[in-house]
Amino acid sequence: QVQLVESGGGLVQAGGSLRLSCAASGRTFSSYHMGWFRQAPGKEREFVAAISRSGGESYYADSAKGRFTISRDNAKNTVALQMNSLKPEDTAVYYCAAKYVKYDTRRYTAGHDYDYWGQGTQVTVSS
């Protein structure tokens, strides 16, 4: 079992940057594939980015490619999302998610793929 806590959200102007962090409990963090999702008011929760157990592979939604970077530090039990060139349409609650895997050879972009979720952190981008 793993518990997740997000931080780093806030209010920024369009074109600015934010770095979100997710701190995980437990001693088996390296066994989890990690992802970031977001949900805007009136919309479904959507995939943003994810990273493999080792950090060797990462992948992104089309809306995030070229602007966002996901990373992890297994020694510190953390995963981060660096968000640059922010746009008003990036405004949403951002969630950290974890999926336990034995063999990390697939990509996971659906919310139901993940086993554990954080409480979310608000990101607001003004125009």
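One can find the structure itself at the top, above this paragraph.
Because the structure is predicted, anything quoted here is derived from the model rather than measured. (Residues numbered from 1 in each chain as written. Predicted model: local features only at pLDDT ≥ 70, side-chain atom pairs only at ≥ 80, totals over all residues. Heavy atoms only, no water.)

*Asks:* Would you mind going over the packing of aromatic side chains with me for this structure?
*Replies:* Any aromatic ring pair is given by two values, namely how distant the centres are and how the planes are angled relative to each other. This structure, assessed with the given rule, holds seven aromatic pairs. Residues Phe37 and Tyr114 carry aromatic rings whose centres are separated by 5.3 Å and whose planes lie at 80° to one another, so their mutual orientation is edge-to-face. Within this pair, whereas Phe37 is found in strand S4 (residues 32-39), its partner Tyr114 is found in the loop between strand S9 (92-100) and strand S10 (116-117), the two being separated by 77 residues in sequence. The same class applies to Phe37 as to Tyr114, namely buried. Chaining the aromatic ring pairs together yields one cluster made of Phe37, Phe47, Tyr59, Tyr114 and Trp117. (Phe/Tyr/Trp six-rings, centres within 6.5 Å; stacked < 30°, edge-to-face > 60°. Helix = DSSP H or I, 4+ residues; strand = E, 2+ residues; numbered from the N terminus. Buried < 20%, exposed > 50% of the residue type's maximum accessible area, 1.4 Å probe, protein only.)

*Asks:* For this particular structure, what's the right way to read the sheet that holds strand S7 (residues 68-73)?
*Replies:* The strands that make up a sheet pair up through hydrogen bonds in the backbone, lying either parallel or antiparallel. Pairing within the open sheet is antiparallel, and its four strands lie in the order S1-S3-S8-S7. The open sheet has two edge strands, strand S1 (4-7) and S7, and neither has a second partner. Taken over all neighbouring pairs, the strand axes of this sheet differ in orientation by 15° on average, direction set aside. Strand direction decides the pairing type here: strand S3 (residues 18-24) and strand S8 (residues 78-83), joined by six bridges, are antiparallel. By the bridge assignment, Arg19 is partnered in S8 with Gln82. (Pairing = 2+ DSSP bridges. Axes fitted to C-alpha atoms, helices over the stretch in contact; angles between N-to-C directions.)

*Asks:* Sorry if this is basic, but what is going on with the pattern of salt bridges here?
*Replies:* A pair can form between side chains of opposite charge whenever their charged atoms are brought close. With the rule as written, the count across this model stands at five salt bridges. Glu57 is paired through a salt bridge with Arg107; the nearest N and O atoms lie 2.9 Å apart. Of the two residues, Glu57 is situated in the loop between strand S5 (46-51) and strand S6 (58-60) and Arg107 in the loop between S9 and S10; the sequence distance between them amounts to 50 residues. A relative accessible area of 32% means that Glu57 is categorised as partly exposed. Using a relative accessible area of 53% as the deciding quantity, one classes Arg107 as exposed. Taken together, the shared-partner salt bridges connect Arg38, Glu46, Arg67 and Asp90 into one network. (Salt bridge = Lys/Arg side-chain N within 4 Å of Asp/Glu carboxyl O.)

*Asks:* What is the right way to look at the nonpolar core in this model?
*Replies:* Taken as a class, soluble globular proteins show a tendency for nonpolar side chains to be buried jointly. Residues Met34, Trp36, Leu81 and Tyr94 are the most contacted members of the largest nonpolar core, which totals 28 residues. Leaving out residues up to four positions away in the same chain, Tyr94 has contacts with Glu6, Leu20, Trp36, Phe37, Arg38, Val48, Phe68, Leu81, Met83, Gly120, Thr121 and Val123. Among the nonpolar cores identified, the runner-up in size contains nine residues, and Phe47, Tyr59, Tyr108 and Tyr114 belong to it. (Core = buried A, V, L, I, M, F, W, Y, C linked by side-chain atoms within 4.5 Å. Contact = heavy atoms within 4.5 Å.)

Purely geometric stuff here, so don't read any function into it on its own.
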